[in-house]
Amino acid sequence: MVFCGIPSKACQRCRIRKLRCDLRIGSCSSCLRANAVCTGYRDTEQLRIRDESKDIKRKAVSQMQKQKQKQKQLQLTLQSGPYSLPMSIEVQARHAFFANYVTGSRANSWDFLKIYYNPADAPDFLKTTIDAVSLAYLASKVYSEAVVRAAKEKYVSALSLTTKALRSPDTARKDSALLTSLLLDLFEKIMNEELRNGNNNAWTNHVDGALTLVKLRGLGEFQGDMALRVLVRLSINLLICCVASGSPVPNGLTSLWTYAGSQLKTKVDPKWHLTSLMLVYANLRSEILRKRISVEKYIELSVELDARLSALTVDMPPFWQYTTTVVHHKSERVLDNHYDSYADRHVTQTWNVIRLVRILLNEFLLDYCSQSTGCLLSISHASLSVSAYDNIERMSHEICASLPQYSDCTCAAREKLVSENSSAVIASETPTHSLTKAPIHTHSVSHQADVYTVMFPLYVAGRARGAPRSLREWAIRQYHYISGHFSIRMAEAVCQILEEGGTVNPWTVYAMLGSYAFTA
C-alpha cells in the first residue's frame, strides 16, 4: 500500500487550477470572483490510500526485462566479434586479409606481416599498400565494383607514396620497402587485368624491384628466421613469374635461393627440392620458347628433368606420403573408384605441381619428338612417345584423385564441413565410405582455399594430350559443381575454357585464377 500524503482541504476548482483556497464558509473567494459554484471542502481527518501494488510490480518486471535484453545484446555482440560492429570497408578488408594471409590458412607465407597489423605501426607507404591489397582480396570475395574501385584508388596512392619513399637510400634498405614491393606484386596477381590478358611484363614488375632492393642491401644483412622467410617468399614469387611468363631466371634469384638454402634447414624438405627443380624447368622453358637450344637438346634435358621429378616422389618423407581409399559406392565426385588423402593442402599442392610440370614436359616431348632428326637419345622416339603418353595419363589420374579429399562433402571431405547454424565442424558418426548425403552445411574460407588449390592442376589434367575423354568430361562436371556448391565463380570460367577444347595456355589460366595470390 502506498501513502499519498495528507489531502488538500481546498475545493475541487482550486485544486484543479492549483489556486490557493481561502476556505471561506459557503464559498471560497476564488469561486465567488469567477461566479462559479464552489463544491465545498474536504475532510482532512480522512487519509486517501490506494493499492498500487500491481503498478509497482509491473514497473519492476518491465525494468528487469529491459536489463536482461541489454545483457543479451551485449553477449551476442561479444560472441560475434568485431565483424558485427559497424566498420569501414578498409577496416573490414584489413581484418579479412590478415585473417587469411597472416594468421590463417596462408600464415606460413605471410606471417612476417604480423607486426604491421596495427596501421599505426607501419610507415604511410606500407600502410597504404596493405590497405590496397586488403581491398583487392575483399573484392575477390564479395565481387563488389565499389570495393574494386576503392582498391585501385589505394593502389595508385600506394605507388605514389612508395616512389617518394624509395628516393631515400635509408628507406630503400629497410624491411618495410621490401615488404611493400612484395605486397604490390600480390595486388597485381589478384587484380591486374593486363597480366590476365597476357602482358608478360606485368608478371615481374614488382618482384624485379624487390630483387633490386635485396641487392642494394646485400644478402648478408638478411639474418634470422623472419628475414629469411621474406627472401624465400620473394624467391618463390619470382620463380613462378619466370615460369608463367617464359622469362629466364635472373642470376640474382639463383644467388638468393642458394643463400637462403644455406641458412635454413632444407635438406629433408621436398618442397625446397621441388623449387630447385623448378628453377631448372623455368630456364628450360625459356630456352625453348626463345629457340636458344636445339630440339634434340631440349628432348634430352626434358627427359632428364622428368626423371629427377619422378625420383623426388619416390624419396618423400612419411609426412608427405598420401593414402589411397577405395570407394565401393558410386560417387560423382570420385573418378576411378578411389581417391588420395594428404596431410594438408600444402602437401597436396607440392605433389600436384610435380605432376602438372611432368604433364607439360611430356607434352612438349610429344611435340618435339616428331621434329627431331638426330640420334642423340638412347631410346627411339617411338618409345619416348609411348612413355610420354603413359606419364601424362598417370599424372592426370593422380591429380583427379587428389580432389575428392576437399570437394566430396558427402564422403571424403565430410570432416571439413561446418554446421549451417554454428561454427562447429560436423563429425562423421558412420564410416565415410557408407555416406551418400551430406548434412546441411557451409564451408570455411580454409576449405574453399583447399578446393581452389586443386583447380589449376585439374585444368592441366583435363586438357592434357593423351588423357582419356572421360577424364576431361569428369573434370568439367567438377568445375560446374565447384562453382555452384563452393560459390567459386572462377571455376565456371575455367570450365568454359575446358568445354571449348582447353586450347588456352595453362599459364594463362593460372594468371586468370590469380596465380600464387590464392594458391601458394
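Along each chain, residue indices are assigned from 1 in the same order as the chain's sequence is written. Only residues with pLDDT of at least 70 are given local features in this predicted model, and only at 80 or more are side-chain atom pairs given and counted; all residues enter the totals for whole chains, interfaces and linings. No hydrogens and no water enter the side-chain calculation; it runs on all heavy atoms of the structure.

Draft legend 1. Structural view of the overall build of the protein chain. Starting at the N terminus, helices and strands are each numbered in turn, a helix being any DSSP run of H or I of at least four residues and a strand any DSSP run of E of at least two. The helix and strand inventory of the protein chain stands at 23 helices and six strands. Relative to its 520 residues, the protein chain shows a buried fraction of 49%. Throughout, a residue-residue contact means that at least one pair of heavy atoms, one from each residue, lies within 4.5 Å. Put simply, of all contacts in the protein chain between residues at least 6 apart along the chain, 69% involve residues at least 24 apart. To be clear on the numbers: accessible area is Shrake-Rupley with a 1.4 Å probe, and residue cover counts the displayed protein chains and nothing else. Counting every atom, the protein chain has about 26400 Å² of accessible surface; 53% of that belongs to carbon and sulfur. With a 1.4 Å probe rolled over the protein chains alone, any residue whose accessible area is under 20% of its type maximum counts as buried; one over 50% counts as exposed, and the rest are partly exposed.

Draft legend 2. Structural detail: the packing of helix 16 (residues 345-369) against helix 19 (residues 445-463). Fitting a line to C-alpha atoms yields each axis, with helices limited to the stretch in contact; the angle taken between N-to-C directions then spans 0 to 180 degrees. Following both chains from N to C, one finds helix 16 and helix 19 inclined at 15 degrees, their axes separated by 9 Å at the closest point. By the angle class used here, helix 16 and helix 19 are roughly parallel. Pair helix 16 / helix 19 crosses with left-handed handedness. Touching Arg345, Gln349, Asn352, Leu356, Ile359, Leu360 and Glu363 of helix 16 are Ser446, Ala449, Asp450, Thr453, Val454, Phe456, Pro457, Val460, Ala461 and Arg463, all from helix 19. Residue classes follow a fixed rule: Ala, Val, Leu, Ile, Met, Phe, Trp, Tyr, Cys and Pro count as nonpolar, while Asp, Glu, Lys and Arg count as charged, and any other residue, Gly among them, counts as polar. Among the residues making up the contact of helix 16 with helix 19, the classes are represented as nine nonpolar, four polar and four charged. By definition in this entry, angles of less than 35 degrees are roughly parallel, angles greater than 145 are roughly antiparallel, angles of 65 to 115 are roughly perpendicular, and the rest are oblique. Take the far helix as your reference; a near helix turned counterclockwise from it by less than a right angle gives a left-handed crossing, and one turned clockwise gives a right-handed crossing.

Draft legend 3. Layout of helix 6 (residues 124-142). Given a helix with a known number of residues, its expected span is that number minus one, times 1.5 Å. Between its first and last C-alpha, helix 6 extends 27 Å over 19 residues, near the 27 Å set by a 1.5 Å rise per residue. Counting buried residues along helix 6, 15 of its 19 residues qualify, which places the element largely inside the surrounding structure. Once helix 6 ends, the next one or two residues include tyrosine 143, with phi positive near 55 degrees.

Draft legend 4. Layout of the side chain of histidine 441. Inspection of the secondary structure assignment puts histidine 441 in strand 6 (residues 441-442). Two N or O atoms count as a polar contact when they lie within 3.5 Å, although within protein this holds only if one can serve as hydrogen donor and the other as acceptor, and sequence-adjacent residues are included solely when both atoms are side-chain atoms. In terms of polar contacts, histidine 441 uses its side chain to reach the side chain of histidine 485, at 3.3 Å.

Draft legend 5. Broad picture of the nonpolar core. By nonpolar core is meant a set of buried Ala, Val, Leu, Ile, Met, Phe, Trp, Tyr and Cys residues that side-chain atoms within 4.5 Å join together. Of all hydrophobic cores here, the largest spans 138 residues; its most connected members are Phe97 and Leu113. Each residue touching leucine 113, except ones within four places of it in the same chain, is listed here: Phe97, Phe98, Val102, Leu179 and Leu183. The next biggest cluster of nonpolar side chains, apart from the first, holds seven residues, and it includes Cys14, Cys21, Cys28 and Cys38.

Draft legend 6. Seen up close, the confidence of the model for the protein chain. By definition, pLDDT measures how confident the predictor is in each residue, and it falls between 0 and 100. For the protein chain, the mean per-residue pLDDT works out to 84, and 84% of the residues sit at or above 70. This model gives residues 422-435 a pLDDT under 50, and the stretch forms 24 contacts once residues within four places in sequence are excluded.

Draft legend 7. Inspection of unusual backbone geometry at higher detail. The phi dihedral of leucine 23 is positive, around 60 degrees, even though this residue is not glycine. If you trace the backbone, leucine 23 turns up in the loop between helix 1 (12-17) and helix 2 (29-33). Accessibility expressed as a relative area gives 36% for leucine 23, which makes it partly exposed. Phi at asparagine 337 takes a positive value of approximately 65 degrees, unusual for a residue other than glycine. Along the chain, the position of asparagine 337 falls in the loop between strand 3 (323-326) and strand 4 (338-341).

Draft legend 8. Representation of the environment of tyrosine 281. On the secondary structure map, tyrosine 281 appears in helix 14 (residues 270-289). Residues tyrosine 281 and leucine 305 lie 24 residues apart in sequence; the distance between their C-alpha atoms is 7.6 Å. Beyond its immediate sequence surroundings of up to four residues, tyrosine 281 is in contact with Val243, Leu305, Val357, Leu360, Leu361 and Trp507.

Draft legend 9. Looking closely at the packing of helix 19 against helix 20 (residues 469-485). Between helix 19 and helix 20, the shortest axis-to-axis distance is 9 Å and the interhelical angle comes to 155 degrees. In this view, helix 19 runs roughly antiparallel relative to helix 20, as classed from their interaxial angle. As for the relative orientation of helix 19 and helix 20, their crossing is left-handed in sense. Contacts between helix 19 and helix 20 involve Val451, Met455, Leu458, Tyr459, Ala461, Gly462 and Arg463 from the former and Leu471, Arg472, Trp474, Ala475, Gln478, Tyr479 and Ile482 from the latter. Taken together, the residues of the contact of helix 19 with helix 20 break down into 10 nonpolar, two polar and two charged.

Draft legend 10. Representation of the side chain of asparagine 362 in the model. Here asparagine 362 is to be found in helix 16. Exposure remark for asparagine 362: the relative accessible area of 2% places this residue in the buried category. Not counting chain neighbours up to four residues away, the residues in contact with asparagine 362 comprise Asp306, Ser387, Ala388, Asn391 and Ile392.

Draft legend 11. Examining the packing of aromatic side chains more closely. We call Phe, Tyr and Trp rings a pair once their centres come within 6.5 Å, taking the six-membered ring for Trp, and we label the pair stacked below 30 degrees between planes, edge-to-face above 60, and tilted otherwise. Within the structure shown, the criterion is met by 15 aromatic pairs. Summarising the aromatic geometry, the rings of tyrosine 322 and tyrosine 342 are spaced 5.0 Å apart at their centres and angled 40 degrees between planes, so their arrangement reads as tilted. On the criterion of sequence distance, the pair formed by tyrosine 322 in the loop between helix 15 (295-314) and strand 3 and tyrosine 342 in the loop between strand 4 and helix 16 is long-range, its members being 20 residues apart. Here, a charge over a ring means that NZ of Lys or CZ of Arg falls within 6 Å of the ring centre while also lying within 35 degrees of the ring normal. Positioned above the aromatic ring of phenylalanine 222, the side-chain terminus of arginine 217 is 4.2 Å from the ring centre. In this structure, arginine 333 is placed above the aromatic ring of tyrosine 481, and the distance from its NZ or CZ to the ring centre is 3.7 Å.

Draft legend 12. Geometry of the pattern of salt bridges. Put simply, a salt bridge is a Lys or Arg side-chain nitrogen that is within 4 Å of an Asp or Glu carboxyl oxygen. Counted by the stated rule, this structure contains 16 salt bridges. With a shortest N-O distance of 2.9 Å, aspartate 175 and arginine 217 are connected by a salt bridge. Of this pair, aspartate 175 sits in helix 9 (residues 175-191) while arginine 217 sits in helix 11 (residues 201-217), placing them 42 residues apart in sequence. Its relative accessible area of 44% is what places aspartate 175 among the partly exposed residues. Overall, the relative accessible area of 12% leaves arginine 217 in the buried class. Linking arginine 290 and glutamate 287 is a salt bridge whose minimum nitrogen-to-oxygen distance equals 3.7 Å. With relative accessibility at 37%, the residue arginine 290 sits in the partly exposed group. Given the relative accessible area of 24%, glutamate 287 is considered partly exposed. Linked by salt bridges that have partners in common, Arg94, Lys127 and Asp131 make up one network.

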